[in-house]
Amino acid sequence: LGDSLTAGHGAAPEQAWPAVLGDLTGWQVDNEGVSGDTSAGALQRLGPLLAANRYDAVRVGIGGNDMLRRLSQQATRDNVAAILRQARAHTTHVALIATPAPEPLRAAVGSLSDAGFYEDVARGEKALLIPRVYSSVLSDASLRSDQIHANAKGYASVARQLADRLGSAGWR
């Protein structure tokens, strides 16, 4: 569940990280990324998705558009927490992929960092936090299609990092 980074904006659909993660792991990975989506939009979409399907795991990467649009950080935190609670009611395997804070100066020098609230929300909702994946990829100009999206090589890096971290956490 996510936004354009999950959807794979800037690359072909088969190059988006969910497709590559499925290829790397053999898992069936549904891509529920919607370009431009906010945490409120993802929260609205999640209930019907969970009601219509059975998922063994849910990976959430949302909040970047909230920050870009300067929406309330508290509302974003609350929405992400609600998403994680709903997902945990569906499965015990819930992961939150931290999104970098939009900082143009840090982006220009290749030094993005995750927005600070992801750690607190993941801890509070007992979800696996996956930090520094998007921020590491988007800090490297050779892995981006534009200032805020990865390219095919970048999404492959995201997928490899996720496969490694989820495997280390015991997700098989």
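For the structure given in this document, a descriptive report is provided here. Please read these numbers as outputs of a predicted model, since none were measured by experiment.

Turning our eyes to something else, we now look at the packing of helix α5 (residues 73-90) against helix α7 (residues 117-124). Put simply, α5 and α7 touch, their axes get as near as 10 Å, and they point 35 degrees apart. Both α5 and α7 take part in a crossing whose hand is right-handed. Along its contact with α5, which presents Gln-73, Thr-76, Arg-77, Val-80, Ala-81 and Leu-84, the element α7 presents Phe-117, Asp-120, Val-121 and Ala-122. Taken together, the residues of the contact of α5 with α7 break down into six nonpolar, two polar and two charged.

Below, the discussion takes up the packing of helix α3 (residues 39-52) against α5. The contact between α3 and α5 brings their axes to 9 Å, and the two run at 15 degrees. By the angle class used here, α3 and α5 are roughly parallel. As α3 runs across α5, the sense of the crossing is left-handed. Where α3 approaches α5, its residues Ser-39, Ala-40, Ala-42, Leu-43, Leu-46, Gly-47 and Leu-50 are matched on the opposing element by Ala-75, Thr-76, Asn-79, Val-80, Ala-82, Ile-83, Gln-86, Ala-87 and His-90. When its residues are assigned to classes, the contact of α3 with α5 shows ten nonpolar, six polar and no charged.

Reading guide: rules and limits
- Residues numbered from 1 in each chain as written.
- Predicted model: local features only at pLDDT ≥ 70, side-chain atom pairs only at ≥ 80, totals over all residues.
- Heavy atoms only, no water.
- Axes fitted to C-alpha atoms, helices over the stretch in contact; angles between N-to-C directions.
- Helix = DSSP H or I, 4+ residues; strand = E, 2+ residues; numbered from the N terminus.
- Left-handed = near helix turned anticlockwise from the far one by under 90°.
- Contact = heavy atoms within 4.5 Å.
- Nonpolar A, V, L, I, M, F, W, Y, C, P; charged D, E, K, R; others polar.
- Parallel < 35°, antiparallel > 145°, perpendicular 65-115°, else oblique.

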